[in-house]
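Descriptive analysis of the structure
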Amino acid sequence: MRVAIIGGGPGGLYAAALLKRLDPERDITVWERGAPEDTFGFGVVLSDETLGGIEHADPVVFRALQREFTRWDDIDVHHRGRAVTSGGHGFAAVDRRTLLAILHDRCRDLGVTVRTREAAPAAERLARDHDLVVAADGAGSATRAAHAAVFRPTLTGHRCRYIWLATDLALDAFRFEIAETEHGVMQAHGYPYRPGVSTFIVEMHEDVWRRAGLDRLDEAESIARCEKIFADALHGHSLRGNRSRWIAFTTVVNERWRHKNIVLLGDAAHTAHFSIGSGTKLAMEDALALAACLHEQPGVPEALAAYEAERKPVVASTQRAARASLEWFEHLEQYAAQPPRQFAFNLLTRSRRVTHDNLRLRDADFTASVEREFGTGPDTPPMFTPFTLRGLTLRNRVVVSPMDMYSATDGTPGDFHLVHLGARALGGAGLVMTEMVCVSPEGRITPGCAGLWNDGQEAAWRRVTDFVHARPGSAIGLQLGHSGRKGSTRLMWEGIDQPLPEGNWPLAAPSPLPYHPHVSQVPHALDDAGLAAIREQFAASAVRGARAGFDLLELHCAHGYLLSSFLSPLTNRRTDAYGRDLAGRLRFPLEVFDAVREVWPDDRPMTVRISATDWAEGGTTADDALEIARAFAAHGADAIDVSTGQVVPDEAPDYGRSYQTPYADRIRNELGLPVIAVGAISSWDDVNSLILAGRADLCALARPHLYDPNWTLHAAAEQGYSGPGAPWPLPYQAGSRRPPTGRTDAPRPRLTLDV
Ligand SMILES: Cc1cc2nc3c(=O)[nH]c(=O)nc-3n(C[C@H](O)[C@H](O)[C@H](O)COP(=O)(O)OP(=O)(O)OC[C@H]3O[C@@H](n4cnc5c(N)ncnc54)[C@H](O)[C@@H]3O)c2cc1C
Ligand SMILES: Cc1cc2nc3c(=O)[nH]c(=O)nc-3n(C[C@H](O)[C@H](O)[C@H](O)COP(=O)(O)O)c2cc1C
């Protein structure tokens, strides 16, 4: 088998060594256009996981690396003159040059041909006389570009600039240094990688970089400036470069990783922002997987298919974490005023992979000190701290997110609603929200949606709120909405957003645009009289809601329903005062808000649910969401419930763990508004992490509460918490511990006798 490898970085060299080791008969050539000594960058961090893989695959490389590793456990965050340390992390770093030298040696010993200072022939040409071509030619891969039609790469530039430097200051921890300058916030992160030498990467938003004039400086001048900015941190030590320049990180994603017998590996296939230290790790893990697949599969095509199938999901997950991390740094400025410990905790949990519980296990003193500063009582997880909105104090931070049950009759909630909402209130959430309760029969989504436009409905809701309030400390909120162009459709399980087969009612919207073109009914554009009537309906329902005893009212301005469709430029094409620009698009939702706020009791809070992005070209963006939130807050909204999407059917959401929380985070930290975060928050650990990091004030969970009505009580039991933030209903107290499982009746060994 003849193998050509383009690129002698860690990915290419390690793949070459492994392939040769697995089958010495293979004829393997690596082309590297640079000389071994002129590599970029300084130290790279490798995780224990990668090291485990390396140890098993090639102990020779592992032992050589072992000898060279610099290891440490702590992360120090220096901010506003304070140093906060979190321990127990376990890092290992090595000089990139040393890593490459070890891999070069290994390749030479195994009989791989490495042609340094020689550009590789084009992959297409190599593919003709080799069985396999591995394109490990880095983030700027020419192979990828040459076959872009097949690999379908997406290259996304980001808004920070960084420079990779080194210092002879011997750091003994991973160190984050935050510098608040007259131009904006900058950060450096450094770590040791050789005795007496540390990596020192300086990064900042490009606006700060320009304001500071760094865009006009060459390498030496940039280094001098960074030395000045971080003089305190460097304790008089100098910085040095290695052909260092200011770079904007580019995230590379490829739809396909293989083309005939050519395969992408490492940075050529994918990049992950260096702040989670994963690029080298991913490249070496790719090499491990590729070698294993070639070993296991009958032929090259099968091996490449298996390699792509194995690596793509793992890489996607790392890239999601890396993106969360880089976006955190892009918005660093918004966190600068956080108290030092919370800031450090926020920084450490930024990728959403490291959580409160992980950190607690690594260094309990650190999390305890963050919690003390935050104000949790002793033995009280952050999620069980109270939160106040106007006259309403919630006993914990968990909200049962609004969920339409499609189970009402003529808009009237029945026994199902009493049991459903009642069970969730018993289940311990601080606040239980109703589903979207519609303000008129035509404002319903489906014939099964609940409403609040007549006395019968008011009385039926009163029955629910009475049940909830029978237990002091439980609260229930009313979500009021109007379906707009998404109305007159079938029950969720009969065809979501599909028009009714019969009995349709006319739809109202800002503009006559159907939700599903050629499928949905075309709504009529509301005129002034129509707008006034709907405004009145909202106010009338709010009056009924107050009488029915709800503790909080949420205006549903999300998910493409009527008020949301006024906000989005994709659904509001009006040219009158209710359209045109964002101020115009906000006008009707704000009028409704004002009409409701006027009749809603002063001491009871109002929240607004928004779609903070449409996930669609030309739609609402995160920046628009800030303006929308700001406007509602100026009109008296007490908190913003930050959801996303469902505004247009051709959306492209970026799903993942807590994927909507960055939108809530920005509103909270840029505008200083209380927020409810929602969306794929599923573990109590996530809730604790988001609350303690100051990224959300409340966390709404929907589907987890369908799975487990007692979600909050179970979260308390699992954390050994039994305080006032999650009281078990008295009749349930006998069940307040998880039932034992795996019991065995087999006799236990009682005696050990020496023989
Ligand atoms: C500032 C910064 C900090 C980082 N820190 C870390 C860290 O701490 N931990 C970590 O794991 N990763 C880190 N990385 C990422 C890491 O450097 C890369 O992910 C890793 O080097 C990828 O390995 P690779 O072999 O795929 O590509 P590369 O290392 O980029 O190697 C590609 C090689 O291909 C050669 N090449 C390209 N085209 C040709 C051609 N036509 N012919 C011959 N040769 C060619 C190039 O010269 C290059 O040597 C960091 C990256 C940056 C930018
Ligand atoms: C069955 C169901 C019905 C829903 N109905 C509503 C609703 O009436 N109003 C609303 O704002 N969101 C509604 N949602 C969205 C949820 O409130 C929540 O934002 C979403 O499910 C993401 O949270 P999760 O990942 O915890 O499920 C509904 C979700 C589900 C699963």
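These remarks concern the structure in this document. Quick caveat: nothing in here was measured; it's all calculated off a predicted structure. (Residues numbered from 1 in each chain as written. Chains lettered and ligands numbered in written order. Predicted model: local features only at pLDDT ≥ 70, side-chain atom pairs only at ≥ 80, totals over all residues. Heavy atoms only, no water.)

Before going further, it helps to spend a moment on the overall build of the protein. Regarding its fold elements, the protein presents 26 helices and 29 strands. Compactness check: the protein gives a C-alpha radius of gyration of 29 Å against a globular reference of 27 Å for 755 residues, within 12% of the reference. Overall, the C-alpha framework of the protein stretches about 85 × 70 × 60 Å when taken along its three principal axes. Taken over 755 residues, the protein has a buried fraction of 59%. In the protein, once contacts between residues fewer than 6 apart in sequence are set aside, the share between residues at least 24 apart is 72%. For the protein, the exposed surface amounts to about 30700 Å²; the carbon and sulfur share of it is 51%. Between the centroid of the 80 positive side chains of the protein and the centroid of its 95 negative side chains there is a distance of 2 Å. (Helix = DSSP H or I, 4+ residues; strand = E, 2+ residues; numbered from the N terminus. Rg over C-alpha atoms; globule rule 2.2 N^0.38 Å. Buried < 20%, exposed > 50% of the residue type's maximum accessible area, 1.4 Å probe, protein only. Contact = heavy atoms within 4.5 Å. Areas by Shrake-Rupley, 256 points an atom, 1.4 Å probe, with all protein chains shown as cover. Lys, Arg positive; Asp, Glu negative; His and termini not counted. Charge placed at Lys NZ, Arg CZ, Asp CG, Glu CD.)

One open sheet holds the three strands; their spatial order is S3-S7-S4, and the pairing between them is antiparallel. With one partner strand each, in any of the chains shown, strand S3 (43-46) and strand S4 (70-72) form the two edges of the open sheet. In this sheet, neighbouring strand axes are inclined to one another by 30° on average, regardless of whether the strands run parallel or antiparallel. In this sheet, strand S7 (residues 91-95) lies alongside S3 in antiparallel orientation, the contact comprising four bridges. Of the residues in S7, the one forming a bridge with Val45 is Ala93. Packing of helix H4 (residues 96-110) onto the sheet brings it into contact with S3 and S7, and relative to S7 it is tilted by some 75°. (Pairing = 2+ DSSP bridges. Axes fitted to C-alpha atoms, helices over the stretch in contact; angles between N-to-C directions.)

A separate point is the site of ligand 1. Ligand 1 sits among 31 residues. The nearest are Gly11, Glu32, Arg96, Asp267 and Thr280. Ala120 has a polar backbone atom sitting 3.0 Å from a nitrogen atom of ligand 1. Contact between ligand 1 and Gly279: a nitrogen atom at 3.4 Å from a main-chain N or O atom of the residue. Protein contact buries 90% of the 1000 Å² of open area that ligand 1 shows by itself. Listed by contribution, the elements that provide at least two residues to the shell around ligand 1 are helix H1 (10-22), strand S2 (27-32), S3, strand S10 (153-167) and helix H11 (279-296). (Near = heavy atom within 4 Å. Polar contact = N/O pair within 3.5 Å; in protein donor to acceptor, adjacent residues only side chain to side chain.)

As a further point, take helix H19 (residues 528-547). Side chains three or four residues apart in an α-helix point the same way, a direct result of the helix having 3.6 residues per turn. If you check H19, its first and last C-alpha atoms are 29 Å apart, about what 20 residues at 1.5 Å a residue would give, namely 28 Å. Positive backbone phi, at 95°, marks Gly549, one or two positions downstream of H19. (Expected span 1.5 Å × (residues − 1).)

Another point: the pairing of strand S9 (residues 132-135). The side-chain alternation of S9 yields two buried faces, one formed by Leu132 and Val134 and the other by Val133 and Ala135. Relative to S9, strand S1 (residues 2-6) runs parallel, the two sharing four bridges. Across the sheet, residue Ile6 finds its bridge partner in S9, namely Ala135. When S9 meets strand S17 (residues 262-264), the two strands line up parallel, connected through three bridges. Bridge assignment links Ala135 to a residue of S17, and that residue is Leu264.

Before going further, it helps to spend a moment on the packing of aromatic side chains. Applying the stated criterion to the full structure yields 25 aromatic pairs. A centroid spacing of 4.7 Å and a plane angle of 10° characterise the contact between Trp328 and Tyr335, whose relative ring orientation is stacked. Site record: aromatic cluster; members linked through ring pairs are Trp72, Phe91, Phe174, Phe176, Tyr191, Trp328, Phe329, Tyr335 and Phe343. Against the face of Tyr561 rests Lys486, its NZ or CZ located 4.8 Å from the ring centre. Sitting above the plane of the Tyr578 ring, Arg587 keeps its charged end 4.6 Å from the centroid. (Phe/Tyr/Trp six-rings, centres within 6.5 Å; stacked < 30°, edge-to-face > 60°. Lys NZ or Arg CZ within 6 Å of the ring centre and 35° of its normal.)

Function-wise, these values are silent; they only describe arrangement.
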